[in-house]
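Structure at a glance
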Amino acid sequence: MAGEAVRLFAAKGVTATTGEEPTETAGISSRTLWRHFPTEESGVRPRSPRAWTT
């Protein structure tokens, strides 16, 4: 999903990309996205390497 978001951001710009577009192109529902990332900031904020191992 993150790769799709980056691709869309590069093609359209961050402000022109809707929240639904990356989820649709990644084949997941927006509900799934919001379950893992409850705020917009949490979806784009860099995660620490420790978070990747838990």
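Before going into details, it helps to say that this report is about the structure given with it. All of these numbers come straight from a predicted model, not from anything done at the bench.

**Comments concerning the overall build of the chain**
Each helix and strand in the chain was counted, giving five helices and zero strands. Written out in order from the N terminus, the α and β elements of the chain read α-α-α-α-α. When the accessible surface of the chain is totalled, it reaches about 4,300 Å², and 58% of it is carbon and sulfur.

**Focus on the pattern of salt bridges**
For the structure shown, the criterion picks out two salt bridges. Residues E4 and R7 are paired through a salt bridge, measuring 3.2 Å at the closest nitrogen-oxygen approach. In this pair, E4 and R7 both sit in helix α1 (residues 2-12), three residues apart, roughly one turn of the helix. Classification of R7 by relative accessible area gives partly exposed; the value is 45%. K12 is the partner of E21 in a salt bridge, and the nearest nitrogen-oxygen pair spans 2.5 Å. Residue classification places K12 among the partly exposed residues on the basis of a relative accessible area of 39%.

**Digging into the side chain of E21**
In this fold, E21 is placed in helix α2 (residues 20-26). Among the polar contacts made by the side chain of E21, one reaches the main-chain amide nitrogen of T18 at a distance of 2.8 Å. Residues contacting E21, with those up to four places away along its chain left out, are L8, K12 and A16.

Definitions and cut-offs
Residues numbered from 1 in each chain as written. Predicted model: local features only at pLDDT ≥ 70, side-chain atom pairs only at ≥ 80, totals over all residues. Heavy atoms only, no water. Helix = DSSP H or I, 4+ residues; strand = E, 2+ residues; numbered from the N terminus. Areas by Shrake-Rupley, 256 points an atom, 1.4 Å probe, with all protein chains shown as cover. Salt bridge = Lys/Arg side-chain N within 4 Å of Asp/Glu carboxyl O. Buried < 20%, exposed > 50% of the residue type's maximum accessible area, 1.4 Å probe, protein only. Polar contact = N/O pair within 3.5 Å; in protein donor to acceptor, adjacent residues only side chain to side chain. Contact = heavy atoms within 4.5 Å.

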